[in-house]
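Architecture at a glance
Here are the chains, one letter per residue:
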Amino acid sequence: MTARGPERLEALVACLERLPGIGPRSAARLAHHLLRVPEDEALALAEAIAEARARIRPCSSCRAPAEVDPCPTCADPTRDGRVLLVVETPRDLAAVESTGAYRGLYFVLGARLSPLEGVDESALDLDGLRERAARSCVTEVCIGTNPDLEGDGTALALLDALSSLPVRVTRLARGLPTGGQIEHQNASAIADAFEGRREAGRRRSPESRSPESRSPESRSPESR
Ligand SMILES: [Zn+2]
C-alpha cells in the first residue's frame, strides 16, 4: 500500500492520532515511518491488528483478553479458585502474574470510576463480578484497584456491590515499597504502611490474619 496523495496520508495520521499517548507530531512521524519501511513490514502491522481483533475475546470468566474461552489461567486446575483478585486492567493482571506470587484467579473490571472523566458505575461490570464471586468455590475477593483517588472510589463501589455475598472481601496492602527508604517516602505512603502494619517475625500466609486479629495497641505514629 502506498500513499496516493496527501489525503490518504492525512487519513493515516488521523487514525494514529486516535491511539492513546500519541499526539499529532508522533502520529505524523509514525505515518511517514510506515510509508518508508518495506511494504510487508507495514502490512504486517495491519495484519496483526486484524488478527488480534478477530481472534481475541474477553474470557467469559475473568474478562481478560484471550484466544480461548475460558482463558488458560481460568482453565488451570492448579490455580486456587477460592480467591478472586479484582484488577482494573489486563495490564494489571499481567503485572501480578509476572511476580508468580499469586496463585488464585482474577476478575478484570476493564475500567475505574472517574467522575471527572464521566466514568460512572455503569462502566464497571459489577453484575458480572457479583455473579463470578457468587460461585460456590469463591471464599475471598481481594480488591486490587490502584492506590489512588479513582482506585479508592472504585474499591468502595466494589465493596458495596459485594456486601450481600458470603465472601471475605480484602484489599491489597499499600505503603512502603520494597527497597525504598522511609526518609524518601511521601506522607501518605508512610501513613498507609502504618495503617496496614502486621505482626513481625514471619511472612504472612493469606489465611493467617484478619483485621480483628491485629495488635490492639495502636499508638499514633507521632509518638516516636
Ligand atoms: Zn479467564
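The structure this text deals with has already been given above.
**Section: the coordination of the zinc ion**
At the metal site, the zinc ion is ligated by Cys59 (SG), Cys62 (SG), Cys71 (SG) and Cys74 (SG), and these contacts range over 2.3 Å. Counting along the primary sequence, the residues that act as donors to the zinc ion give the motif C-x2-C-x8-C-x2-C. Placement of Cys62 in the loop between β1 (57-58) and β2 (65-66) and of Cys74 in helix α4 (residues 72-75) is noted, with a sequence separation of 12 residues between them.

**Observations concerning the nonpolar core**
By size, the foremost hydrophobic cluster in this structure holds 21 residues, and its most contacted members are Leu84, Val86, Leu129, Val141 and Leu158. For this core, the elements supplying multiple residues, two or more each, are β3 (80-87), β4 (104-108), α6 (126-133), β5 (140-143) and α7 (149-162). At 5 residues, α7 tops the list of elements feeding residues into this core.

**Quick word on α7**
A turn of α-helix holds 3.6 residues, and therefore any two residues three or four places apart point the same way. Spanning 14 residues, α7 covers 20 Å between terminal C-alpha atoms, matching the ideal 20 Å at 1.5 Å per step. Taken together, the buried positions of α7 are Gly151, Thr154, Ala155, Ala157, Leu158, Ala161 and Leu162. The buried residues of α7 all sit within an arc of 165° when viewed along its axis, so they share a single face. Opposite the buried face of α7, by more than 90 degrees, sit the exposed residues Leu149, Leu156 and Asp160. Here the buried face of α7 lies against β3, α6, β5 and β6 (168-171).

**Quick word on the packing of helix α1 (residues 6-17) against helix α2 (residues 24-36)**
When two helices pack together, their arrangement is captured by the angle between the axes and the distance separating the axes. Their axes nearest at 8 Å, the elements α1 and α2 cross at an angle of 125°. By the angle between their axes, α1 is oblique relative to α2. Considering only the axes of α1 and α2, their crossing is right-handed. Here Leu9, Leu12, Val13, Leu16 and Glu17 of α1 lie close against α2, whose contacting residues are Pro24, Ala27, Ala28, Leu30, Ala31, His32, Leu34 and Leu35. Grouping the amino acids of the contact of α1 with α2 by side-chain chemistry returns 11 nonpolar, 1 polar and 1 charged.

**Examining the pairing of β6**
With 4 bridges connecting them, β5 and β6 associate as parallel partners. Bridging from a neighbouring strand, Val141 pairs with Val169 of β6. With α7 bridging β5 and the parallel β6, this β-α-β connection has right-handed handedness.

What counts, and where the lines are drawn
Residues numbered from 1 in each chain as written. Predicted model: local features only at pLDDT ≥ 70, side-chain atom pairs only at ≥ 80, totals over all residues. Heavy atoms only, no water. Donors = N, O, S within 2.8 Å, 3.2 Å for Na, K, Ca; no water. Helix = DSSP H or I, 4+ residues; strand = E, 2+ residues; numbered from the N terminus. Core = buried A, V, L, I, M, F, W, Y, C linked by side-chain atoms within 4.5 Å. Buried < 20%, exposed > 50% of the residue type's maximum accessible area, 1.4 Å probe, protein only. Expected span 1.5 Å × (residues − 1). Arc of directions from axis to C-beta. Contact = heavy atoms within 4.5 Å. Axes fitted to C-alpha atoms, helices over the stretch in contact; angles between N-to-C directions. Parallel < 35°, antiparallel > 145°, perpendicular 65-115°, else oblique. Left-handed = near helix turned anticlockwise from the far one by under 90°. Nonpolar A, V, L, I, M, F, W, Y, C, P; charged D, E, K, R; others polar. Pairing = 2+ DSSP bridges. Right-handed = clockwise from strand over helix to strand, strands pointing away.

Keep in mind these numbers describe shape, not what the thing actually does.
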